[in-house]
Amino acid sequence: MSRLLIRLIGLILLLIGLYFFGQNIIFVNGYYSYFYRKLPATASVLATMIGVFALVFFRRETGNLGWIFLGIGIVLVFLSGGVILKPTSLWDFIIAFAALASGYKLLNEGRINF
């Protein structure tokens, strides 16, 4: 029972960290005047969808191909200018990163080594 509780706390901390990081990220689209500026945005959505689909449904068959597509999709999101990062304080960043890292560590290993 205690292992389940530790993993649940890890999952909660991981989600809290993602929530705090997500507060400062804005995804936008559709403000370009030229048609060729939308191509990286479309390619990023397709690459991310292919990567997630490959990792979820064909993990054994595709190997690292899903991770490659997911990485390409993330890079293309930033290249398309569809991500705006709002300014954040150092304190908010430290809290979010600490919650994310400790939640991941608790979820995977069940303990935090200091």
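In this text the structure is predicted, and so the values were computed from the model without any measurement.

> I'm lost on the overall build of the protein chain in this one. Help?
Along the backbone of the protein chain there are five helices and two strands. For the protein chain, the α and β elements follow one another from N to C terminus as α-β-α-α-α-β-α. Relative to its 114 residues, the protein chain shows a buried fraction of 19%. Of the contacts made within the protein chain by residues no fewer than 6 positions apart, 77% connect residues no fewer than 24 positions apart. With the model as given, the accessible surface of the protein chain reaches about 8,700 Å², and the carbon-plus-sulfur share is 73%.

> Looking at this structure, I do not really get the packing of helix H1 (residues 2-22) against helix H5 (residues 90-109). What am I missing?
Helix packing for two helices is described by the angle between their axes and how far apart those axes are. Here H1 crosses H5 at 150°, and the two axes come no closer than 7 Å. Judged by the inter-axis angle, H1 sits roughly antiparallel to H5. Between H1 and H5 the crossing geometry is left-handed.

> Looking at this model, I keep getting lost on a nonpolar patch on the surface. Mind explaining?
Where nonpolar side chains cluster on the molecular surface, the patch consists of Leu-5, Leu-8, Ile-9, Leu-11, Ile-12, Leu-15, Ile-16, Leu-18, Tyr-19, Phe-20, Trp-91 and Ile-95 and spans about 1,100 Å² of accessible area. Top contributing element to the nonpolar patch by residue count: H1, with ten residues. Along the chain, Leu-15 falls in helix H1.

> Before we go on, may I ask you to explain the pattern of salt bridges in this structure?
Pairing is possible between side chains of opposite charge, provided their charged atoms come close. This model, assessed by the stated rule, comprises one salt bridge. Across the pair Lys-105 and Glu-109 runs a salt bridge whose closest N-O atoms are separated by 3.4 Å. Here the residue Lys-105 and the residue Glu-109 both occupy positions in helix H5, the gap between them amounting to four residues, near one helical turn. Residue Lys-105 is classed as partly exposed on the basis of its relative accessible area, which comes to 28%.

> Which parts of the structure should I look at to understand the side chain of Ser-102?
Mapped onto the elements of the fold, Ser-102 is located in helix H5. Separated by 2.7 Å, the side chain of Ser-102 and the backbone oxygen of Ala-98 make a polar contact. Beyond its immediate chain neighbours, meaning those up to four positions away, Ser-102 contacts Leu-13 and Ile-112.

> Just to check I follow, could you spell out the packing of aromatic side chains for this structure?
For any pair of aromatic rings, the description rests on two quantities: the centre-to-centre distance and the angle between the ring planes. Scanning the entire structure with this criterion turns up four aromatic pairs. Judged by centre distance (6.1 Å) and plane angle (15°), the ring pair of Phe-93 and Phe-97 falls under stacked. Taken as a pair, Phe-93 and Phe-97 lie in helix H5 at a separation of four residues, close to a single helical turn. Of the aromatic side chains, those joined through ring pairs into one cluster are Phe-21, Phe-93 and Phe-97.

The rules behind each value
- Residues numbered from 1 in each chain as written.
- Predicted model: local features only at pLDDT ≥ 70, side-chain atom pairs only at ≥ 80, totals over all residues.
- Heavy atoms only, no water.
- Helix = DSSP H or I, 4+ residues; strand = E, 2+ residues; numbered from the N terminus.
- Buried < 20%, exposed > 50% of the residue type's maximum accessible area, 1.4 Å probe, protein only.
- Contact = heavy atoms within 4.5 Å.
- Areas by Shrake-Rupley, 256 points an atom, 1.4 Å probe, with all protein chains shown as cover.
- Axes fitted to C-alpha atoms, helices over the stretch in contact; angles between N-to-C directions.
- Parallel < 35°, antiparallel > 145°, perpendicular 65-115°, else oblique.
- Left-handed = near helix turned anticlockwise from the far one by under 90°.
- Patch = residues over 30% accessible without salt bridge, like charges linked within 9 Å, V, L, I, M, F, W, Y side chains within 5 Å.
- Salt bridge = Lys/Arg side-chain N within 4 Å of Asp/Glu carboxyl O.
- Polar contact = N/O pair within 3.5 Å; in protein donor to acceptor, adjacent residues only side chain to side chain.
- Phe/Tyr/Trp six-rings, centres within 6.5 Å; stacked < 30°, edge-to-face > 60°.

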